[in-house]
Amino acid sequence: MTSLSFCTYNARGLNKPEKRSQIMYRLHKKRVMLAMFQETHFKASSIPKCERGYYTTWFHSPHPDKKAGGVSIAFHKTFHPSVLSSEIDSKGCYIFLKLSEGQNVFTIANVYFPNQGQIPFASKILRKLARFADGSSIILGGDLNMVMDPTVDSSTGKSSISPASQHRFVQDLSSLRLVDLWRVLHPGVRDFSFHSLAHSSYARLDHLFVSHNLLDLDPHCSMDGFLWSDHSPVYGRLQTRSPLTRPFTWRLNDNLSNDSVCMSDIRSAITDFLDNHRNDASSPPIKWEALKCVLRGLFISHGTRLKKERSAKLSTLLSSLHDKEALNKVTPSDHLKADISLLRQHTVYFKY
């Protein structure tokens, strides 16, 4: 059994290379293999080159006329499913993908609901999704722009959607045997994925829905902090029935050449190796292969050291941010908002 990790995230724009790089690094560290983004703000005529770094396969549904809305799906560089079919909206509202990997066949759906008319839009999208999935298991992620249960999904206890409309949406989900992954795993818990600074309120607008049968695959669901957007990423994970990744291939991290401790050890290792094997009868190619093994071990060791140091610093920042946000959700104050804003700045500009 191996894990399929996925997330949904309203990024409020992915055009800036630095912001995009930081988000991809964060998702990589969270071991996300499949990311669903809303509000990418890509324009159809000028989509940036995203196929670099950790996420190398992308599917885009941009707004046709302006930098607004838009959805995208990205695969991690180690995730290589077969795409059996796809349906990509021309207005930047949804992407459907049917994926096959070994014994697993999933339909992935990424949706972005409008600010008004959410229920009619939902009914139309779910009918399309039912036809596209054709009986396959579904993972649906997106920003619904509405709360499903205001008593637990909104800090104000209010919703712009009537109870009758909410009930209709739940019925539409039930007809596809889709369940709210967060709510199933965290019944009664009040936590939120959206923070409105203007209204000093929180809501859970971002959701992951999965087919009922996928609950047998040891599911997990969690939220992150509000770092690059007023939305939080929502993470999901399932234990799948066959390997979903290819073997790892080691590559030298060029940044290690800037680390004085690492380079000092490398120079010492080369000197010691040459001194110890100066009179060795082995051929030069054999010695070279042996030296490469020694150096590779040192590079891996120092790379691990630097990663642990960076991870520890970032974890401290994120832990402090999480604690402040959790407190602000319960008892909002200007002092907490100032602390949160400062911690976000330190986190966003953290050297990844």
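What you are looking at is a predicted structure, and each value in this text was computed from that prediction instead of being measured.

Peer 1: Where do I start with the overall build of the chain in this structure?
Peer 2: On a plain count of helices and strands, the chain comes out with 8 helices and 14 strands. If you line up the chain on its principal axes, its C-alpha atoms span 85 × 50 × 40 Å. Among the 352 residues that make up the chain, the fraction classed as buried is 49%. Restricting the contact set of the chain to residue pairs at least 6 apart, pairs at least 24 apart contribute 69%. Accessible area for the chain stands at about 17900 Å²; split by element, carbon and sulfur atoms hold 53% of it. One way to put it: in the chain the 45 positive side-chain charges average out to a point 3 Å from where the 31 negative ones average out.

Peer 1: Is there a simple way to explain the nonpolar core in this structure?
Peer 2: In summary, soluble globular proteins display a tendency toward joint burial of nonpolar side chains. With 28 residues, the main nonpolar core has Phe6, Leu34, Ile73, Phe75, Leu97, Ile108 and Ile139 as its most contacted residues. With residues up to four places along the chain from it excluded, the contact list for Ile73 reads Leu34, Ala35, Met36, Thr57, Trp58, Phe59, Ile95, Leu97, Ile108 and Asn110. If you look at the next biggest cluster of nonpolar residues, it comprises 25 residues, including Tyr94, Phe113, Ile119 and Leu129.

Peer 1: Even after reading the chapter, I still don't get the pairing of strand E14 (residues 234-240), so can you show me in this structure?
Peer 2: Working note: regular strand, side chains alternate between the two faces of the sheet. Here E14 lies mainly inside the structure; 6 of its 7 residues are buried. Across 4 bridges, strand E13 (residues 220-223) lies against E14 in antiparallel orientation. Directly across from Met223, in E14, lies its bridge partner Val234.

Peer 1: What is the right way to look at the packing of helix H2 (residues 118-133) against helix H4 (residues 163-175) in this model?
Peer 2: For any two helices packed against each other, one specifies the crossing angle of their axes together with the interaxial distance. In the contact formed by H2 and H4, the axes pass within 10 Å of each other and the chain directions differ by 10 degrees. One finds that H2 runs roughly parallel with respect to H4. Contacts between H2 and H4 pair Ile119, Pro120, Ala122, Ser123 and Leu126 from the former with Ser165, Arg168, Phe169, Asp172 and Leu173 from the latter. By residue class, the composition of the contact of H2 with H4 is 6 nonpolar, 2 polar and 2 charged.

Peer 1: Mind showing me how you'd approach the confidence of the model for the chain here?
Peer 2: Low pLDDT means the predicted coordinates in that region are not meant to be read closely. On average, residues of the chain carry a pLDDT of 90, and 96% of them reach 70 or more. In the model of the chain, helix H8 (residues 334-348) stands out as the element of lowest mean pLDDT, 84, in contrast to strand E2 (residues 34-38), which has the highest, 98.

Reading guide: rules and limits
Residues numbered from 1 in each chain as written. Predicted model: local features only at pLDDT ≥ 70, side-chain atom pairs only at ≥ 80, totals over all residues. Heavy atoms only, no water. Helix = DSSP H or I, 4+ residues; strand = E, 2+ residues; numbered from the N terminus. Buried < 20%, exposed > 50% of the residue type's maximum accessible area, 1.4 Å probe, protein only. Contact = heavy atoms within 4.5 Å. Areas by Shrake-Rupley, 256 points an atom, 1.4 Å probe, with all protein chains shown as cover. Lys, Arg positive; Asp, Glu negative; His and termini not counted. Charge placed at Lys NZ, Arg CZ, Asp CG, Glu CD. Core = buried A, V, L, I, M, F, W, Y, C linked by side-chain atoms within 4.5 Å. Pairing = 2+ DSSP bridges. Axes fitted to C-alpha atoms, helices over the stretch in contact; angles between N-to-C directions. Parallel < 35°, antiparallel > 145°, perpendicular 65-115°, else oblique. Nonpolar A, V, L, I, M, F, W, Y, C, P; charged D, E, K, R; others polar. pLDDT = per-residue confidence, 0-100.

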